[in-house]
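# Examination of the molecular architecture
The primary structure of each chain is shown beneath.
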Amino acid sequence: MTPELQDLFAFLRFPSISTDSRNAGDVRACAGWLIEKLTGMGLETSLRETERHPIVVAKNTPRPDRKTVLIYGHYDVQPVDPLNLWTTPPFEPEIRGGKVWARGSTDNKGQMLAHVLGVEKTLKEKGDLPVNLIFLFEGEEEIGSPNLAPFLRANLDLLKCDVIAVSDTGMVAPGVPTLGYGLRGISCCEVTLRGPARDLHSGLFGGAVANPATALSRLITSLHDEEGRILIDGFYDDVKPLEDWEREMWSKVPGVSDADFLKVTGSPGLHGEAGYTSAERTWARPTAEVNGIGGGYQGEGSKTVLPAEAFAKFSFRLVPNQDPGKIMEQVQAHFDKHCPPGVTLTCEVGHDGKPYHADPKSAFGLAAPRALKAAFHAEPVLIREGGSIPIVQAFREILGADTLLLGLALSDAQIHSPDENFPVENFEAGIRLNQALLEELAK
Ligand code: BES
Ligand code: ZN
């Protein structure tokens, strides 16, 4: 095994699950491993405490005549359940069929470490980097980066930069280098509907008392019309319409046809807002999704019960120029208006993040495809992303710098799912990409 893959395996063995407090020690140990790696490369490295998981910052010695590039990544990962669906244990990385299989292999340890190892290689080969470099790695991305924006505000001098690079997004198809110039934002909440004081016998009381599970179903269906449009008042007011040139450009992007979406999702059919392709629906249109639903009897067989309550977890993916706070107010007004009679509703607001949209034709925006081309020996494509990285818009607002999204995640990488994987080929390309990128951004 190459020393690079050995490093990746060591990094992947930490179960750095940020959402689960039982893994707080593992998250910290993982940050410690990074500190050691970066210090060993000769960078000035520090661990920064937050209210929860630490941030890692590493820099070379800055020189006033060079541009400053900040590379962001996250070393925390998503939970692993359902564990029984993993072919091999999630924190025991293994190579099969040219891919590394482990939680975090793509999202985001593999992509992030490629940047670290690219820098290590350049330092070994050339003794120096062409730019002033800042590595900023956090352990809370998967829980909405609650402590990172305050950290940016408190460390403006430390983090001052000309441009930011992130590899934590998608690549449309193997071998097709992909530059993202947009991300969706997000707003989350959890709704609970409460009915009777306790679960009731559904024969004695069913028909006379409102059923919270039925009421919740009605509330959920009130969110969309038959055409897949969202029925929340004002929801589309600030949506920036898709540009003709984007639709034209995206229609030629490989790997994202409706047929590709069917294949990669294993879904029996596609569904979404009428008048848009799957790529357009996910990259440039907002959504209302149920992420979880519950209430009533969940055990084996049947139980004739009328549940006392039912809940659903919602997330709304947002596009430029929707504002998460404003959307959440509209969502709550919608729920209040459409809550069926006979139940009470509470809505707990969760984390959020703003959408992001940059100009792909800016000077840095044009440098990135040159680096992608050099690393992959193929013509790059330009896309927006359906996923969210909430800190990216905060980078622009707080640090005043735009972010280049250099994605290495394939659509079958199974990020957030069992059997997450990352092709060794992408890992190696990521190392080359880092080297080419710093060269191009220095120009
Ligand atoms: N790396 C993903 C986001 C991503 C993946 C963007 C693929 C584009 C393509 C990131 O780690 C992630 O999962 N983000 C969360 C953010 C949320 C928890 C606030 C998301 O999008 O659900
Ligand atoms: Zn993720």
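All of the points below concern the structure found in this document. Predicted, not measured: the structure shown is a model, and the values here were computed from it.

## Some points on the overall build of the protein
Of the regular secondary structure elements, the protein holds 14 helices and 19 strands. Relative to the globule expectation of 22 Å for 443 residues, the C-alpha radius of gyration of the protein, 23 Å, shows essentially globular dimensions. Oriented by its inertia axes, the alpha-carbon framework of the protein measures out at about 80 × 50 × 45 Å. Expressed as a percentage of its 443 residues, the buried residues of the protein come to 54%.

## Focus on the packing of aromatic side chains
Enumeration according to the criterion identifies 10 aromatic pairs in this entry. Measuring from centroid to centroid gives 5.5 Å for Tyr72 and Phe395, while their planes differ by 75 degrees, and the two rings are edge-to-face. Of this pair, Tyr72 sits in strand S3 (residues 68-74) while Phe395 sits in helix H13 (residues 391-399), and the two are 323 residues apart along the sequence. Among the aromatic residues, those joined into a ring-pair cluster are Phe235, Tyr236, Phe314, Phe316 and Phe335. Sitting over the ring of Phe11, Lys109 keeps its end group 5.4 Å from the ring centre. A cation over a ring is seen here: Arg229 above Tyr236, with NZ or CZ 4.1 Å from the ring centre.

## Concerning the sheet that holds strand S19 (residues 421-423)
The strand order across the open sheet built from 3 strands is S4-S5-S19, with neighbouring strands paired in antiparallel fashion. Two strands close off the open sheet at either side, each with one partner strand: strand S4 (94-96) and S19. Here the average twist between neighbouring strands, direction ignored, is 30 degrees. Two strands pair when backbone bridges link them, and S4 and strand S5 (residues 99-101) are joined in this way by 3 bridges, in the antiparallel orientation. Residue pairing in the sheet places Ile95 in a bridge with Val100 of S5. Together, S4 and S5 form the strand contacts of helix H1 (residues 3-12), whose direction differs from that of S5 by roughly 20 degrees.

## Some thoughts on the coordination of the zinc ion (ligand 2)
Ideal geometry at a metal centre gives angles of 109.5 degrees when four donors are arranged tetrahedrally and 90 or 180 degrees when six donors are arranged octahedrally. Protein-derived ligands of the zinc ion (ligand 2) are Asp107 (OD), Glu142 (OE), Glu142 (OE) and His416 (NE2), with the metal-ligand distances lying across 2.0 to 2.7 Å. One can describe the site at the zinc ion (ligand 2) as irregular: its 6 donor atoms subtend angles covering 53 to 156 degrees at the metal. The motif formed by the donor residues of the zinc ion (ligand 2), counted along the single chain, is D-x34-E-x273-H. Separated by 274 residues along the polypeptide, Glu142 in the loop between strand S6 (132-138) and helix H4 (148-154) and His416 in the loop between strand S18 (403-407) and S19 bring together distant segments of the chain.

## Looking at the site of ligand 1
Near ligand 1 you find 15 residues, and of these Glu141, Asp168, Arg317, Ser388 and His416 are the closest. Within the side chain of Glu142, a nitrogen or oxygen atom sits 3.0 Å from an oxygen atom of ligand 1. Separating an oxygen atom of ligand 1 from a side-chain N or O atom of Arg317 is a distance of 2.8 Å. Isolated, ligand 1 exposes 520 Å² of accessible area, and the fraction of that covered by the protein chains is 88%. Broken down by class, the residue content of the shell around ligand 1 amounts to 2 nonpolar, 7 polar and 6 charged.

## Notes on the pairing of strand S2 (residues 55-59)
Within S2, 4 of the 5 residues are buried, which leaves it mostly tucked inside the rest of the structure. In this sheet, S2 lies alongside strand S1 (residues 44-48) in antiparallel orientation, the contact comprising 5 bridges. Directly across from Ser46, in S2, lies its bridge partner Val57. Between S1 and S2, which pair antiparallel and follow one another directly, the connecting turn spans 6 residues. Where S2 meets S6, 4 bridges bridge the pair, whose relative direction is antiparallel. Note on S6: the bridge partner recorded for Val56 is Phe137.

## Regarding the packing of H1 against helix H2 (residues 24-40)
Viewed as axis vectors pointing N to C, H1 and H2 meet at an angle of 155 degrees, and their least axial separation amounts to 9 Å. Judged by the inter-axis angle, H1 sits roughly antiparallel to H2. Packed against H1, whose contacting residues are Asp7, Ala10 and Phe11, the element H2 presents Cys30, Trp33, Leu34 and Lys37 at the interface. Its residues assigned to classes, the contact of H1 with H2 shows 5 nonpolar, no polar and 2 charged.

## With respect to helix H11 (residues 324-338)
Across its 15 residues, H11 extends 21 Å between first and last C-alpha, which sits within 8% of the 21 Å expected from 1.5 Å per residue. Every buried residue of H11 is listed here: Pro324, Ile327, Met328, Gln330, Val331, His334 and Phe335. Viewed end-on, H11 has its buried residues packed into an arc of 160 degrees, placing them on one side of the element. Seen from the buried face of H11, the exposed residues on the opposite side, beyond 90 degrees, are Glu329, Asp336 and Lys337. Buried residues along H11 sit in contact with strand S10 (185-194), helix H7 (212-221), strand S14 (309-318) and strand S15 (344-353).

## A short note on the pattern of salt bridges
Here the structure, examined in full by the defined rule, presents 28 salt bridges. Taking the shortest distance from any N to any O, the salt bridge between Lys252 and Glu248 comes out at 2.6 Å. For Lys252, a relative accessible area of 60% puts it in the exposed group. The structure contains a network of salt bridges with shared partners spanning Asp7, Lys37, Glu120 and Lys124.

What counts and how
Residues numbered from 1 in each chain as written. Chains lettered and ligands numbered in written order. Predicted model: local features only at pLDDT ≥ 70, side-chain atom pairs only at ≥ 80, totals over all residues. Heavy atoms only, no water. Helix = DSSP H or I, 4+ residues; strand = E, 2+ residues; numbered from the N terminus. Rg over C-alpha atoms; globule rule 2.2 N^0.38 Å. Buried < 20%, exposed > 50% of the residue type's maximum accessible area, 1.4 Å probe, protein only. Phe/Tyr/Trp six-rings, centres within 6.5 Å; stacked < 30°, edge-to-face > 60°. Lys NZ or Arg CZ within 6 Å of the ring centre and 35° of its normal. Pairing = 2+ DSSP bridges. Axes fitted to C-alpha atoms, helices over the stretch in contact; angles between N-to-C directions. Contact = heavy atoms within 4.5 Å. Donors = N, O, S within 2.8 Å, 3.2 Å for Na, K, Ca; no water. Tetrahedral: all angles 85-135°; square planar, octahedral: opposite > 155°, others 65-115°. Near = heavy atom within 4 Å. Polar contact = N/O pair within 3.5 Å; in protein donor to acceptor, adjacent residues only side chain to side chain. Areas by Shrake-Rupley, 256 points an atom, 1.4 Å probe, with all protein chains shown as cover. Nonpolar A, V, L, I, M, F, W, Y, C, P; charged D, E, K, R; others polar. Parallel < 35°, antiparallel > 145°, perpendicular 65-115°, else oblique. Expected span 1.5 Å × (residues − 1). Arc of directions from axis to C-beta. Salt bridge = Lys/Arg side-chain N within 4 Å of Asp/Glu carboxyl O.

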